[in-house]
Every structure is written in structure tokens, then in C-alpha cells.
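# Reading the structure
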Amino acid sequence: MRSVTGAVLKALLLLSTQNWKRVEAGNSYDCDDPLVSALPQSSFSSSSELSSSHGPGFARLNRRDGAGGWSPLVSNKYQWLQIDLGERMEVTAVATQGGYGSSNWVTSYLLMFSDSGRNWKQYRQEDSIWGFSGNANADSVVYYRLQPSIKARFLRFIPLEWNPKGRIGMRIEVFGCAYRSEVVDLDGKSSLLYRFDQKSLSPIKDIISLKFKTMQSDGILLHREGPNGDHITLQLRRGKLFLLINSGEAKLPSIPVLINLTLGSLLDDQHWHSVLIQRLGKQVNFTVDEHRRHFHAQGEFNYLDLGYEGNVSFSCSQPQSMPVTFLSSRSYLALPGSSGEDEVSAAFQFRTWNKAGLLLFSELQLVSGGLLLILNDGKLKLNVYQPGKLPSDITAGAGLNDGQWHSVSLSAKRNHLSVAVDGHVAFAAPSLGPEQFYSGGTYYFGGCPDKSFGSKCKSPLGGFQGCMRLISISNKVVDLISVQQGSLGNFSDLQIDSCGISDRCLPNYCEHGGECSQSWSTFHCNCTNTGYRGATCHNSIYEQSCEAYKHRGNTSGFYYIDSDGSGPLGPFLLYCNMTETAWTIIQHNGSDLTRVRNTNPENPYAGFFEYVASMEQLQATINRAEHCEQEFTYYCKRSRLGNKQDGAPLSWWIGRTNETQTYWGGPLPDSQKCTCGLEGNCIDSQYYCNCDADRNEWTNDTGLLSYKEHLPVTKIVITDTGRPHSEAAYKLGPLLCRGDRSFWNSASFDTEASYLHFPTFHGELSADVSFFFKTTASSGVFLENLGITDFIRIELRSPTIVTFSFDVGNGPFEISVQSPTHFNDNQWHHVRVERNMKEASIQVDQLTPKTQPAPADGHVLLQLNSQLFVGGTATRQRGFLGCIRSLQLNGMTLDLEERAQVTPEVQPGCRGHCSSYGKLCRNGGKCRERPSGFLCDCTFSAYTGPFCSNEISAYFGSGSSVIYSFQENYFLSKNSSSHAASFHGDMKLSREMIKFSFRTTQTPSLLLFVSSSYKEYLSVIIAKNGSLQIRYKLNRYQEPDVVNFDFKNMADGQLHHIEINREEGVVFVEIDESTRRQVHLSSGTEFSAVKSLVLGRILEHSDIDQETALAGAQGFTGCLSAVQLSHVAPLKAALRPSHPAPVTVTGHVTESSCVTQAGTDATSRERTHSFADHSGTIDDKEPLANAIKSDSAVIGGLIAVVIFILLCITAIAVRIYQQKRLYKRNEAKRSENVDSAEAVLKSELNIQNTVNENQKEYFF
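Report follows, based on the coordinates. (Residues numbered from 1 in each chain as written. Predicted model: local features only at pLDDT ≥ 70, side-chain atom pairs only at ≥ 80, totals over all residues. Heavy atoms only, no water.)

### Things to note about the overall build of the chain
Scanning the chain for helices and strands turns up 13 helices and 87 strands. Looking at the 1260 residues of the chain, the share that counts as buried comes to 51%. Summing over all exposed atoms, the chain offers an accessible surface of approximately 58100 Å²; the carbon and sulfur share of this is 50%. (Helix = DSSP H or I, 4+ residues; strand = E, 2+ residues; numbered from the N terminus. Buried < 20%, exposed > 50% of the residue type's maximum accessible area, 1.4 Å probe, protein only. Areas by Shrake-Rupley, 256 points an atom, 1.4 Å probe, with all protein chains shown as cover.)

Below is the structure:
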């Protein structure tokens, strides 16, 4: 014991002699005997009595003695009825009645208990319920079972509320049994030693059980050492209990296995606290009062005949202090001092959670000033003020709102001013204080009385909420019993002889790592950097899938995903690829090609894959997805995956089920088969894998693993690379998942009596429910779950109101969100409700959320026991008509579709998504319904992408052009429903819409030209002076109408947006969304027989005006983007053809991004996909329309073919020579590591393929 550091706790230890089997097994036992009925009159006491016949001795249950119960002289909240049970008893229940045959009864009360009749403690239910509901009449009996039970000698009933038409009246009974225990009193320097016989102890199970009470915040309760160096220490630090375990089984003494657990708070309150340490094998439970922690321990717990050292007494000493609780900001304690003394001095101890409040005010005589001692931001501030002088301040201490006891003493004498906090003294400069202090007679602790009392007390920061004890004035201890009896001073809203502080952060109701802080009356959660929000950090700020992000309108990119929403799993970062479906891409550390050599079954190679998310996060993501896959490629040269002779696998992989898998492709596990075996195209038909052919040349087996239950791949084992010239390499792609089964999981409710039922919802402390709904009905219940009295219900109360109703035992509450528009518009609306320890809230769509704070001292547990009804109620009334989808409770999705398939009048799925999500399809994209969700059809848009929001742009080189022929399009589409068929020779256009963006520095330039078969045209050009001109010629016999914009040089290298709308003879033009102009045409109102649309250079110059001809000959050099003529998108047809299109591309046209800043080399800057020198329809199966067949083109093509053949012959010869050198080098250095495995392997594969091709050519 000499090695134990720190003082032994000055405390009482209670060693229970009750049956330990009860502790171990938790068996019930009889402990419900009535304890009050047989007590003598002297065991009853009270604060006062109305008369001798209303005395406390008449307060026995069901008795009619005297006036039939106890009633105090005055009915107020400072009255109490006290019972002395004679010895410590275990109290398991209480019962109350009113005064017999009277109108006197109590409707709510507090129950307090004590060992000594001093220093009372309040009994709490559910960690936050202080009060008990009482009686509703005089004679009925209200029972309460106490869980946990009370072990105490004294009980005190404090009425809080009573019948307003009568007065306080009580008859009571308590139930329980005797409680026997041995106690030991330790003074801080003593210790109690145990040595047990090792043979009598169980090596499997240990139990350490004790109770303690103390006024000290620090000290050692228990320390035990074993022969192997392991030890256990139970230590109190700052009122919290620490269990420290050091295992002696650590391999290195310098690296011990340390376990440090913390439980409890405010344990230095001089009340009994129970501690239980249970070990079963390696599993250890640590319990302090009702709080428990579990952990897995290492090492043996070895025990150390009874003896003791120091001053140890086997009796219980009584507490020396009497605390007082300032319950509210209106509380105060006014105590008299000696008026006119030349010194002001006071001392006390306090504890609080509040950062600010008045601790002490004293009026100064003669100088008409005052002395204030306040708590400000957790610091102590002493302020002396007097008229005509600057105030003098002293600041001392920091962090004093930590719930610990802090001692304070202040002294003001002559011109000396000092304050001490926890023994640290701070002084004011002598010149700052007044020349002489004279006390004013009254000291106000904790606050000020109402101004009507005529006091000059000041409380700039409000009253103090907390506890004080050991109060002394002028070195004389204040007798608080006299205060309580009304013979000394006066007070308001105090609780004397009790410290009612509680730790509202124990247990910590802040979820997901939220940091808990508290004040006297509530707690706060700091959710910074947790990824969650809300009063208790319950609600994730991230979506649960890429699909959910997509339907918020997000594009491809990195996103945080929280797969289980408000569940225990945290968010993680991944990439979302937004295509027609949203793909989730999860990377790992093994994406590079890895080469393997020199392995055999006795010396296998094992490769491990670590992902950016935990296995639990991956599993949740995979379970939500509609489909998941992972590509695995195995390169082999004389390296087999399986042994055909005995069927034993030579290589295998392991997934999240931790099972060996020997299939290498496909959606279903098929033992030892690769993709080629499933498709029947292996290089050797005798085998199911290419590699099993065991050839002395590189080949591979590549397959998509898509059986979700086995993904992701976590490990690969290779054993067949130990033979000469044997080698393997592998590469595993990222985990790819698409879709979200939960996001579109829905059900349709056909009648008001239809519903789905699910198991009871368990959200006792924290519950959230979210879903989408769509309806045309004016009202209906979305969801309901009932308990005995508790319930939750979410309903459409009216077409504009959604209501969340609930009851957790404090009476029913409801919160509603009202919308300015109707909810029954047959569009999807999102509802999210949450109820936690702090508040309840509801939010619908983007409307302002509504919240309802929880009662400060109310019931907190939501206790439900019926089935959960969705779309209806248990009474089959007020049911919901419409669709509900993506219903989630605490992050877990309910499978509505599965339950709907077996439920009459409820249909799985729900159509009509475009009414809500169609607005996501932009730039002319059309929303198309899908069984699960919707699709944006970009066929007639100049844009592409999942929402038709990705513009298609192209860089035009000098002399290049794109020609879209409407006449040919007519022949291609005249038998189809394509809108393009509307442009043909028999059609006259009275309106059109043109949109595009451009960037160029060339003048003149032709941006767009539309021609007709009747020599009518529209041209959009940049003139030589940089002005933008729009020229309409709708009558072949008239000059064109010209709309000129010369407010700036449009060839300035900046991106400009043009929109032209013509309605017959009226043209509306908008430039860069800022400049707008409307003009009337004189040349005509119709466009006859539209022939073609040209971007860039015009090849035919007949019958056009001189300015257009000059610009057309020059063409366009720069970038054009998102070009659209009504429903025709010529750039998209040229660069992204989805079907045969009548497009001719001439010159250098390269897909690009016009957003890129201007630079020196536009060609190299903007090239990503080249269509240079191509013309015609961009389709491999269709001939090029309007191809330019000039002699120069033919000659150029022949020359190119000859050059290409010569280059191929040279490359083949060089590669054969390289292969010979590489083969020799690999033979000499086969055992060396390869730095760039993928590059080298690709090189070898290329050489091998070249040799194989040469061999075939030579043979032929």
C-alpha cells in the first residue's frame, strides 16, 4: 500500500451484509412492509401545525385521529412533514392522502431523504422529475413505487401545490424493509486492509460492492494490487469517480494496458452513493448509482485477513455543514450584520453551473455606497462603489461555474480591500478604496428582494442560482436553522438544509460527440465539427446517399454521406457521380496494380484493402443501394486461380462476411468460376478461368463482383507464383454503388381505413421521424404510435397545416407548421419531426421550423407499447389518402413496399414524381416517369447531364463550320414523332427561339446563320467594328431588317449570352441577361422552308447581304456553347450524337469549355475531344452526308495511309527488339521489386500482344 499516491478519502464506507446473490442475479425480494403506521408520535415532526389536532402525529394513512391529518399553520411552499423511521431503512414506495373529510389535500410534492435529519437530498425520477403528483380529493390513496429505492432514516414531504379551495393536508405511508449494513469512518489518513485466501476466490467472477458518502471531492476509495503488477484503483477526483485498471499481462512493462473510466458527478454531497464492479471473465461492468459502463479487461484480478491502520471507527459521523439552495434568480437570503462597524467581512462556500449572478451585496454607511460580490463569466468580481468616486474592482478566480465547491472570503477595512478564492488572495490598490468602510447592517446573499421592500440592493447580472454553505459574517457562523424557523433574517425561494444541484450533463444527452455544457436549469449541446445539428446533435447535416444529393439538384463531386442518418454511424467522404442514376464511388488503398512473385501454399501472399469508411458504414451504404459492384482484374503468367485436378483453390478473396470466396465475376456466387467461364469464352474451354490454362504468357481474368452481401473485397490471397517464370498481378477497382432503395421506397393508401403496421417505435430519449407525402386529400393521419398514456402522432390537420402531437407523461403537446400554400397539391412534401430531452420540433419543406421546449423538470421518457400505424390509426378513422415514401425512424428506413404487398387497400410504390421533381430538369429537358424516381430527357435540349444542365461547347478553328440540314432531317424523321420533322419544306415558321453563348476576339465573325429554300435567312454576326448584328430577311424581295448592338465590342474575349425570341413580326433580344431590346420587323412575319443552320464559315454565299457575306467568308474562330434553335441543338448533334443526325462538320471543331479563361493557345487549351476534318452524320453505321469530295482530300488521305503503314512497320520492329531485351533483363532480375508495376506490366503486355500479332501475320 506504500505505493498508493494521494490521500485516502475522508469518507464513510458502507459494506453491505445483505445477500450478495441478490446483487449478482438481480432476483426480486419482498420489501414492501408498511413502515409508518407503527411509529410513535415522536417520530413525526413538521414545519408548523394549524392546531394541536392538525399535528404531524395524525398524518398516518387512512387514520381519522385528531382532525384527520396534518395541516400547517400557513399553506406555503416552505412547509414540510418529516418522518423518523428510527434506523436506516430501504424505502420502496410511498402513498399519500388528503385530510379526512376535508377540502385539504396536496396535488404535488417533493420527497426528500436524509441519514441524519440534516443535509437533505431530493428524490428524482427519470433523472429529471423532481415532483410527485399528489391527490385529487381528500380520501383516495395515490401510490408511487420508488425505482431506485431509498436507503435512509429520515423522509421529508414538501408540498408544492394544493387544493386552491382548501389548504395543505396530508396523510402518508411509506413501504419498505430493514436495511442492515456495517460502516467504517475514515479520516483521510487511515486505511482498511483486506487479505483474502486465493483458494477461496473464483478465477472467473469478481464482485466489488460498496457505498460511500463524503464531503471531500478528492481521495482514494479502494486500491488493490496483484502479484503480477496489475492493480485497480477507485479514486474520487473533483466529485467524479475514476476506475483505473493496469493489467499485469502486458508484454512490455513500459507499455501497460491502461483502462481509465469515469462515472458519476457531484459525489461529494455527503449522501450515500453505490458502487458496483462486476467481472465475468474479461467483461467488466462498472456501476455508480444508476449509471453504468461496460468494458473488456485484460489480465487477472488478484485479491490481496482483515486489519486496519490509522484512525478508523466503525460508526457514522454526522455532517458539519448545512447547505442552502438558491432555487431561482429571484432567490435571496438577507442576514443582519453589525451596523456601523468599521469592517465589512464575510465568508462562504458556493457551487453553481451558472456563469453569472450576485453572490453578496452589502450597503455601506456614511458614504452611501455599496459593496457587490458578483460572478461574471465564471470569475469573481468584487466591486466597491460610492458617489463621486471611481469604483474599485478586484477580479479573482476563473472557471468557478464548474459545479465544484469554492471558498470565498472578503474583507474591507479602512482603505484595504481583499478577496480570497480557494485560498488565493487578491488585493485592491490602497488608493482605489474608500478612506474608511462602515457596514450598513444587512448582507444580501444570492440576490435582492423586490424593490417594494425599500432595499438599496443592486443585482446588475441577476440573481445567483446554486448552493452556499458555511456562511459567516464578521467571523461568526450563521445559524441557518434559525433562518429556517424565521427567527433570523429573511429569505425567498430558498431550500434550506439541502443542496439541490444536479449534473444535467450526466448522463450526456448530447449525441454523436456533441459537447455538453450546462446552467443551473438546463444543458446545452455544442455540435461544432460533429456533422450533426439540433438541440442534442441528433440530426445529421448530410444526406444519406448520393441519390438524395442528386435530387437536391447537386452535380458530381465529393460529398459527405451519413448512411444511417441520425443513427450511431458517423459521416464519411466519398465521390458521387451524377449520371442518369447516382453512382457512389468509395476508394481504398489498393487501387494501384500490385505484382506478386515467389508464393506457394505454405508461403501465401495476402493483400489487404482499407477503405475510406468503416465496415459498418460500408455495410449501411451497400444495404441502401439498389446495386453494387467491384471490378477485380487478375493478371497471370503461369499462375492459376484454382487446381483443376483436386478442385482446391490456389487464390481466393474475402469480403465483409469474412468468408473465403473463389468466384471471380458475376452477380451470384458460383464456386471457382471467372467471367469467361460464365460467358463460355475462356481461352481454353477445359477451364472456367483464363488463368487456369496455366500458359507461359500474360493473360487475365477480369470480372465484376456484384453480389452485395459479399462486398466490399477486404483481402486477397495468392499462392501460385512459386514456379519458374510464374508471376501474377492484381488490381481492385473502387466500390461502386448506384441508386437508393430507401429514397424511393413508397406506398399508396387507397382508403381512409387502410394502413400499414410495424413493430413499436422505440425512441425513449430521442426520436426523429422523416418522410415524404403526396396527396389531394384535405386531412389524414400519417403516423401514430400509442402507449398507456404516451403517444406520438403526425397528421395533415387541414390543407395548409401539418401537426406533430405527443405526450411523454407531462400532458399532450402539439406543434404545427402552417403553409401559405396548400399541401394537398399532389406534389411531394418533406416532413421531419424530432423530440428529445430539450425540445420537440417539426419542419415541412423549407418552411420555418416550429419548436416546443421541454418542461424544465418534466417526464422525459417516451414509452410506447402498441404497433406503429402508418397511413392510418388504430381506430381506422382519419386515415391518410395518398402516397408516403422514404419513411425513416431514427435513421432506419421502414420497408413500406414490402409490407404493402401483403396488405389490402395499400399499393406498393407511387407514381407521379415529375410533378415535384420536374423542375430539376433544366434548359428544355423533359421529365420522364420511372418506376422508382424519374429521368430528365435531354433529347431536345442543347445541354446534357442528369438534369440537362451540362452545356455542350466547342472550339472552332479557322475556316471550320458545323452545318445542320433540316431538309435531310425531314427525310430521317418524317415517319417518327420527332419534333425535328416540323422543319421541312412545307412548313412556314411564324416563331422561333434561339439561344447560345460565345467567346471570340475575331472581327468580323459569323456566329449563326439560318437559311431557307426561298432565299430567306437569319444571320447573327459580329461586324468589323465589334458590334453585334442580328439580320432578318423574311422576304426575298426586301432588304434585311438589322438589329444593331454597338454599346460595346462583343469580340472582347469574354463569354456572352444571346437569346432571340421572334413572334411573327416582333423580335425580343436579350444580351448577357442585362441588355434587352424589342424591335418590329418590316421584311415579313414568316420563315418559309428552313433549309439549314450554319455555325462558323458559310460555304455558299449566294443571295446574302454584304455584311453577312463578309462575316460568313471569315467564319468564326473561338468558342460556341449551348446552341439551340427551338428544339434543335446542332452542337449536341455533332459532338454527342445519340442517333443519326444530318450534321456536317468541316475543319477543326473541338469539344471544349467556353468558361475557360482566354489564353495564348486557344487550340491546345480547349481541346478535349476532337472532330477535326470530319463532316457528315456522326455515326459509324451511317454514311457522311454532304461529304466534301475534293481531289486534294483524296490525295491527302492516300498520303496519310502510306505514312501510317510505314510507321506501323517501324513500331513493330522496335517493339520486337525491346521485348527481347526486356525478357533477358527480367530473367536476370526476376527477384527485384518493380517500382512502377502497372507501367511495366502494361509494357510487357503490349510487347506480348505485338509478338503474337507478328506471329499471326507471318503465318498468314
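### Let's talk about the sheet that holds strand β76 (residues 1017-1022)
Pairing between sheet strands relies on hydrogen bonds along the backbone, with the strands arranged either parallel or antiparallel. Taken in spatial order, the seven strands of this open sheet run β78-β77-β76-β75-β83-β72-β85, and their pairing is antiparallel. The sheet is open, and its two borders are formed by β78 (1041-1045) and β85 (1143-1146), each paired with just one other strand. On average, each strand axis in the sheet is inclined to that of its neighbour by 10°, with strand direction left out of account. Note: strand β72 (residues 961-965) against β85, four bridges, orientation antiparallel. (Pairing = 2+ DSSP bridges. Axes fitted to C-alpha atoms, helices over the stretch in contact; angles between N-to-C directions.)

### Structural notes on empty space enclosed by the protein
When its volume is computed, the largest cavity comes out at roughly 100 Å³. If you trace the largest cavity, you find 15 residues lining it, with Phe 806, Val 808, Arg 835, Ala 854 and Pro 855 closest to the centre. Of the residues that constitute the lining of the largest cavity, the class distribution is nine nonpolar, four polar and two charged. Each pocket or cavity is described by its volume, and for the second largest cavity that value is around 60 Å³. (1 Å grid on protein atoms, 1.4 Å probe; cavity = no way out; pocket = protein on both sides within 12 Å on 5 of 7 lines; lining within 4 Å. Points joined across faces, edges and corners; volume = space filled by probe spheres on them. Nonpolar A, V, L, I, M, F, W, Y, C, P; charged D, E, K, R; others polar.)

### Some thoughts on the sheet that holds strand β57 (residues 791-798)
Here we have six strands laid out as an open sheet, ordered β54-β63-β56-β57-β58-β59, and antiparallel in their pairing. Every other strand in the sheet has two partners, leaving β54 (756-758) and β59 (813-818) as the edge strands with one partner each. The sheet shows a mean angle of 15° between the axes of neighbouring strands, taken without regard to direction. Inspection of the sheet shows strand β56 (residues 780-786) paired to β57 by six bridges, in the antiparallel sense. Bridge pairing in β57 places Leu 783 opposite Ile 794.

### Structural notes on the environment of Ala 412
If you trace the backbone, Ala 412 turns up in strand β29 (residues 406-413). By relative accessible area, which is 0% here, Ala 412 ends up buried. As a C-alpha pair, Ala 412 and Val 384 span 28 residues in sequence and 9.4 Å in three-dimensional space.

### Digging into the side chain of Asp 1105
When you line up the elements, Asp 1105 lands in the loop between β83 (1090-1096) and α9 (1106-1114). Here the side chain of Asp 1105 touches Thr 1108 through a polar contact of 2.8 Å, side chain to side chain. (Polar contact = N/O pair within 3.5 Å; in protein donor to acceptor, adjacent residues only side chain to side chain.)

### Here's the deal with helix α4 (residues 615-624)
Among the residues making up α4, those that are buried are Gln 617, Leu 618, Ala 620, Thr 621, Ile 622 and Arg 624. In this fold, the buried residues of α4 make contact with β42 (572-578), β43 (582-586), β46 (627-637), β52 (735-738), β64 (882-889) and β65 (892-893). (Contact = heavy atoms within 4.5 Å.)

### Some words on the pairing of strand β68 (residues 933-937)
Pairing between strand β67 (residues 926-930) and β68: five bridges, direction antiparallel. Note on β68: the bridge partner recorded for Arg 928 is Leu 935.

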